[in-house]
Amino acid sequence: PFTLSKSEITVVAYPYFEEGRKVSDSGISYGWRINNEAVTATGQPNELTLRTPGGSGTATVSFSLQNVDKLFESAARTLQINFGAENRLLNSNAQ
């Protein structure tokens, strides 16, 4: 697990298998989840800013990437984060 020692962090994912493509390329689909709930990045699609709401706990942050033109080009990772907030993280981009 990763321990979040600040009140806010930005997680960035890069599509290294897609050399020469831009992060904003519409041919790449990104997906983010916090504790299995879908969240939307409002800035760059490969960046998710998280902040702690208070208290302490653990959250699971998941990321997936899919090349919509090539079925077998995809990636997915999950990260456990310990934080000094209640048992969830907030997407700071959420309204």
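Look up a bit, the structure's there.
Residues numbered from 1 in each chain as written. Predicted model: local features only at pLDDT ≥ 70, side-chain atom pairs only at ≥ 80, totals over all residues. Heavy atoms only, no water.

K.L.:
What am I meant to see in the packing of aromatic side chains here?
P.N.:
Working definition: an aromatic ring pair is given by the centre-to-centre distance plus the angle between the planes. Overall, the coordinates contain 2 aromatic pairs when judged by the stated rule. Consider the rings of Y30 and F63, whose centres lie 6.0 Å apart with planes at 40 degrees: the pair is tilted. Of this pair, Y30 sits in strand β3 (residues 28-34) while F63 sits in strand β6 (residues 57-67); the two residues are 33 residues apart in sequence, bridging distant segments of the chain. Per residue, the accessibility class of Y30 equals that of F63, and both read buried. Here W32 and F63 contribute two aromatic rings whose centre-to-centre distance is 4.6 Å and whose plane-to-plane angle is 50 degrees, an arrangement assigned as tilted. (Phe/Tyr/Trp six-rings, centres within 6.5 Å; stacked < 30°, edge-to-face > 60°. Helix = DSSP H or I, 4+ residues; strand = E, 2+ residues; numbered from the N terminus. Buried < 20%, exposed > 50% of the residue type's maximum accessible area, 1.4 Å probe, protein only.)

K.L.:
Would you mind showing me how to read the nonpolar core here?
P.N.:
Generally speaking, nonpolar side chains in soluble globular proteins are found buried as a group. Counting residues in each nonpolar core, the largest one holds 16 residues, and the members touching the most others are W32, L48, L50, V61 and F63. Those elements that place two or more of their residues in this core are β3, β5 (47-51), β6 and β7 (74-83). (Core = buried A, V, L, I, M, F, W, Y, C linked by side-chain atoms within 4.5 Å.)

K.L.:
Before we go on, may I ask you to explain the pattern of salt bridges in this structure?
P.N.:
All chains considered together, the criterion is met by 1 salt bridge. Put simply, K70 and E73 hold a salt bridge, and the shortest N to O gap is 3.9 Å. (Salt bridge = Lys/Arg side-chain N within 4 Å of Asp/Glu carboxyl O.)

K.L.:
What should I look at first to understand the side chain of N46 in this one?
P.N.:
Turning to its location among the elements, N46 is positioned in the loop between β4 (37-39) and β5. In this structure the side chain of N46 is engaged in a polar contact, spanning 2.7 Å, whose partner is the backbone oxygen of A13. (Polar contact = N/O pair within 3.5 Å; in protein donor to acceptor, adjacent residues only side chain to side chain.)

Interpretation in functional terms is not warranted from these geometric data alone.
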